[in-house]
Amino acid sequence: AHETSHKSILLKHPSGAEAEVRLFGATVTSWKVDNTERLFVSKDAILDGSKAIRGGIPVVFPIFGTDEKIKLPQHGFARNSDWEYVGLLTDNDEVSVRFSLKDNQLKQSQRSAWPHSFRLNYTVALTEKTLRTTLVVKNEDEDTFEFKTLLHTYFQISDISKVAVSGLSNLTYIDKVQNAAKVVEENQKVTIAGEVDRVYANVPEEVTIEEDGQAKYRIVKTGMKDTVVWNPWIDKAKGMGDFGDEEYHNMVCVEVGSVADWVKLGGGQTWTGGQVITAL
Ligand SMILES: O=P(O)(O)OC[C@H]1O[C@H](O)[C@H](O)[C@@H](O)[C@@H]1O
């Protein structure tokens, strides 16, 4: 299985925009607009399929974090599974690639931890300035199952002290740095001057990441209820073997997902969620 983890698909758009997606975890590991890399991948990221890639856009499914009842590694199995390449598509101005992950592709330990029949279809689509990542979850069981899912996007920035995230004001967030306290966001713009790890619930569809007062990325989510803002800062950065001690200066994670509550999906039903990110 490891040999496929090195396989990647390079999407090229006529405008020159590019995206690279690895079969391992269906992880987008590069997104270039105007010849500039817009995603952060750690220089120490492990790319041999032995653990989830530290950067790009890992797909988090069927759990977010860990769960005392569901014995899966943190953030579930999707980001460290070998997905199947389904095909490439050019439709109007979009160049896209599709991957799938089915329950019978999982390791036995994963299937027994989350014993449901399912199929995931994941599309990565490129236009000149946008990257769209859409996940479709199909419940192929008779019975309802529930899951949490999130697109763990690492945005490339040049200086975390100049970053502001707008579109989150007046929302309630769970602050993982304050023992999961519920806090109302009173700032128009969220800035980062220390470890930040927050799950904002019921977030409007559009959030913007600014740097030095300039809007750099726009994130428009569909079907996803929540948005996580994460920066590990100094101590957590030192504690991650696959993340450089100083790299927290150059990334911010703004992660669209449905993670505050479980998504319930009836037998035979499908669920769709995703994001369109724009390089501004
Ligand atoms: O190290 P990982 O399993 O990739 O998790 C990295 C981070 O993911 C999310 O952002 C969570 O909110 C954080 O609590 C976690 O530290």
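Further up the page is the structure itself.
Keep in mind that this is a model prediction, so the values were computed, not measured.

**Examining the overall build of the protein chain**
A count of helices and strands for the protein chain gives 3 helices and 21 strands. Out of the 280 residues belonging to the protein chain, those deemed buried represent 54%. Long-range pairs, those at least 24 residues apart, make up 67% of the contacts in the protein chain with a sequence separation of at least 6. Surface summary for the protein chain: the accessible area is close to 12200 Å², and the carbon and sulfur share equals 46%. Taken as two groups, the 32 positive and 40 negative side-chain charges of the protein chain have centres that lie 2 Å from each other.

**Remarks on the sheet that holds strand E18 (residues 214-222)**
Read across the sheet, 9 strands follow the order E6-E7-E8-E9-E21-E18-E17-E12-E15 without closing on themselves; strand pairing throughout is antiparallel. The sheet is open, and its two edges are formed by strand E6 (84-91) and strand E15 (189-191), each paired on a single side. The average undirected angle you get between the axes of adjacent strands in this sheet is 20°.

**Let's talk about the packing of aromatic side chains**
Counting across every chain of the model gives 18 aromatic pairs. Look at Phe155 and Tyr217: their rings are 4.9 Å apart centre to centre, the planes differ by 40°, and that puts the pair in the tilted class. Pair noted here: Phe155 is in strand E11 (residues 154-156) and Tyr217 is in strand E18, with a separation of 62 residues, a long-range link. Three or more aromatic residues joined by ring pairs make a cluster, and in this case those are Phe61, Phe77, Trp114, Phe118, Phe145, Phe147 and Trp271. In this structure, Lys148 packs its charged tip against the face of Trp262, placed 4.6 Å from the ring centre.

The rules we used
- Residues numbered from 1 in each chain as written.
- Predicted model: local features only at pLDDT ≥ 70, side-chain atom pairs only at ≥ 80, totals over all residues.
- Heavy atoms only, no water.
- Helix = DSSP H or I, 4+ residues; strand = E, 2+ residues; numbered from the N terminus.
- Buried < 20%, exposed > 50% of the residue type's maximum accessible area, 1.4 Å probe, protein only.
- Contact = heavy atoms within 4.5 Å.
- Areas by Shrake-Rupley, 256 points an atom, 1.4 Å probe, with all protein chains shown as cover.
- Lys, Arg positive; Asp, Glu negative; His and termini not counted.
- Charge placed at Lys NZ, Arg CZ, Asp CG, Glu CD.
- Pairing = 2+ DSSP bridges.
- Axes fitted to C-alpha atoms, helices over the stretch in contact; angles between N-to-C directions.
- Phe/Tyr/Trp six-rings, centres within 6.5 Å; stacked < 30°, edge-to-face > 60°.
- Lys NZ or Arg CZ within 6 Å of the ring centre and 35° of its normal.

Keep in mind that these numbers describe shape and distance, not what the molecule does.
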